[in-house]
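Residue-level listing of the chains:
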Amino acid sequence: MNVARRRSGLFRSTIGAPPKATRGRAAAPPIKEADPATIPRQSAPGGITIGAAACRPPSRLPGATISATGRASLPERSAMAKTSTSSHSRPALQSTASRNTTLTAASTSRQLRTGRPPPPSTQRSTATFSLKPSVARARPVAQKPILPSKVTLLEERNAQLEREMAEATDFAEHQKSKIQFLDGKLEGADRKLISLQDQLSTLKEVHKSKMEECEEYRVHNNDLRDLLNEKEAELRKLHNDVVDLRGQIRVAVRVRPLIKSEVDTSSSAIEYPAVDAIKINEGSKPGNVVKFENVFTPVFSQKEVFANVEEFIRSSLHGYNVGLIAYGQTGSGKTHTMRGGNGEEEGIIPRAAAFLFAESKKLESLGWKFDFSLSFLEVYNNVAYDLLSGRDVVQLRLNDQTVSMIGLSEHTISNVSDVARLLRVADGGRKTAATKCNGSSSRSHAVYMWKIKAHQPSTGISTTCQLKLVDLAGSERAKESGVSGDQFKEMTNINQSLSILQMCISQQRSQKGHVSYRDSKLTQVLMDCLGRGSSKTMVVVNLNPCNEQATESKRSIEFASKMRSTHIGSAVQQRTLLGDVSQMSMN
Ligand SMILES: Nc1ncnc2c1ncn2[C@@H]1O[C@H](COP(=O)(O)OP(=O)(O)OP(=O)(O)O)[C@@H](O)[C@H]1O
């Protein structure tokens, strides 16, 4: 163990590093690096030189040179051979030196190959040989000559390494040229990328400018559409004014879509040749084209329908009596049009409430003050009932131009919620029943009456007028409805009242003097809308589009055409000035 340590210390001393102190023994003083000039005098030639230089890089080896493969040069080997033959007195030493030379050369060669220092055994033997020549002299070790076969082996190894080196160099060259080739390709791709990026940014600019152009066209298009709408609205207003001046009933037609139960079994008999025209075909027999103020096709929403009648309703805020009546056979969509459902499905009656309150607010900013009240009346089996006071019977009394409704309650309202509450009460009291034609058929005529009082203190003008929104019961045929008993009686009354209505329209149209308003409660209630009361009147004729109902729809259209050509007298503003009652004709 101590010997090993000492040897190890000695070896370290050859490479200039001081040996570490060992336990129990003072560290040996550093030994100077062997001077190559002095070593040959103490030891065998060649071996000493190699031993002293074993730890130096091969390029710096002084004296005898050893090739990178650890092989001694040719003159050196011959010198070694001479020494071996002439100096018989030291054969062992020389032999040891030769062996060490071979070992050291081999270790140097390995170090060159691997880049690692020689293994300890080599170091040890070299250090021993280099730094303790006296020991070597005292106990000469038998030196073996380098065997030619070993030299050959080393030469072969050397040659193999050179071949490997050459192969590695070739491979490196090949890789280098490959990298250069790929570099070239990369450069080409870079150039292509740059040109594509340029093209892309050009295309982006073109796209941007096209989008701007499109936007300009869109704005222009919108302007043109607005202009067209304006012109159309103007035209409609002029037309309405003409109708007012002539004192005619306005007629709009609304065709409902096929409902769920009809979609699979039926198809539509109605065509729309123009925006304001309709044609009803009976089987293979094509119908005539008939024109109306408005044609609401099945695609019209509740909102769109209301937008087309709101100007008409607005007249009530300006002091005109206004009547809007839904007419049509059973199941054609009258209640849907007037009352409707909830939210977007709300009909004209609830929408009118929201509209009147909103518009009256605008007029209030011009100094007008409004008072609204509501009454709901039902005509069932030719008797009038109050829908807002537990169905009390209402007495109707005809004056010259007006009808008094004795016992009908009036309810002051100041907002939309008030109207909604009263509508719920009226809905609960209204007579409805399921028939073959309609799951929820109205068995009565319903009249929703607004009394509107307007007053402008700055001018002293006051107006009081009525807005009547009417949901008629539908005409029906006993066979189709499949009704009997009480329902049959209801049906008879409905049909009779509608016949009297048609008769009144015909009499009014023919201008022959007497009009039979008194013949039914319905015509009494509607008298002011049909010619006696200077009212603006609009009838929305509802149609069922089914093929099977074509004949009935045609009848409705014929009646609508008659109404349209009926002169009911020009509307008059119901104005009171400074306490005096005066009526101002529009003419
Ligand atoms: N425009 C429409 N869009 C969708 N469904 C509609 C439309 N019009 C009517 N309907 C549906 O058609 C059916 C009949 O409508 P509605 O009850 O309003 O007819 P009506 O003319 O009032 O019938 P009746 O005279 O028997 O009371 C209902 O189911 C209703 O929801």
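Above: the structure in question.
Only a predicted model underlies this, so the values are computations on that prediction, with no experimental measurement involved. (Residues numbered from 1 in each chain as written. Predicted model: local features only at pLDDT ≥ 70, side-chain atom pairs only at ≥ 80, totals over all residues. Heavy atoms only, no water.)

1. Description of the pairing of strand β15 (residues 445-456)
For β15, the tally of buried residues reaches nine of 12 residues, placing the bulk of the element in the interior. Bridge analysis of strand β7 (residues 369-380) against β15 gives 11 bridges, and the strand direction is antiparallel. Directly across from Asp 371, in β15, lies its bridge partner Lys 453. As paired elements, β15 and strand β16 (residues 461-471) share 11 bridges and run antiparallel to each other. Each bridged residue has a counterpart across the sheet, and for Val 447 the counterpart in β16 is Val 470. (Buried < 20%, exposed > 50% of the residue type's maximum accessible area, 1.4 Å probe, protein only. Helix = DSSP H or I, 4+ residues; strand = E, 2+ residues; numbered from the N terminus. Pairing = 2+ DSSP bridges.)

2. Quick look at the environment of Glu 346
For Glu 346, the location among the structural elements is in the loop between α11 (334-338) and α12 (348-364). C-alpha separation for the pair Glu 346 and Lys 303, spaced 43 residues apart in sequence, amounts to 8.1 Å. Residues in contact with Glu 346, not counting those within four places in the same chain, are Gln 302, Arg 339, Gly 340, Gly 341 and Arg 351. (Contact = heavy atoms within 4.5 Å.)

3. Thoughts on the site of the ligand
With respect to spatial proximity, 16 residues lie near the ligand, and among them Thr 330, Lys 334, His 336, Ser 441 and Ser 442 are the closest. Within the backbone of Ser 332, an N or O atom sits 3.2 Å from an oxygen atom of the ligand. When the free accessible area of the ligand is taken as 620 Å², the share hidden by the protein chains comes to 80%. When contributions to the shell around the ligand are tallied by element, the ones reaching two or more residues are α11 and β14 (441-442). (Near = heavy atom within 4 Å. Polar contact = N/O pair within 3.5 Å; in protein donor to acceptor, adjacent residues only side chain to side chain. Areas by Shrake-Rupley, 256 points an atom, 1.4 Å probe, with all protein chains shown as cover.)

4. Topic: a negative patch on the surface
Taken together, the side chains of Glu 164, Glu 167, Asp 170 and Glu 173 present a region of like negative charge at the surface. Tracing the backbone through its elements, the reader meets Glu 167 in helix α8 (residues 148-246). (Patch = residues over 30% accessible without salt bridge, like charges linked within 9 Å, V, L, I, M, F, W, Y side chains within 5 Å. Salt bridge = Lys/Arg side-chain N within 4 Å of Asp/Glu carboxyl O. Lys, Arg positive; Asp, Glu negative; His and termini not counted. Charge placed at Lys NZ, Arg CZ, Asp CG, Glu CD.)

5. A look at α12
Residue pairs spaced three or four apart in an α-helix point in one direction, given the helix's 3.6 residues per turn. The end-to-end C-alpha distance of α12, which contains 17 residues, comes to 23 Å, matching closely the 24 Å that a straight helix rising 1.5 Å per residue would cover. Most of α12 sits inside the fold, with 12 of its 17 residues counted as buried. Of the positions making up α12, those classed as buried are Ile 348, Ile 349, Pro 350, Arg 351, Ala 352, Ala 353, Phe 355, Leu 356, Phe 357, Glu 359, Ser 360 and Leu 363. (Expected span 1.5 Å × (residues − 1).)

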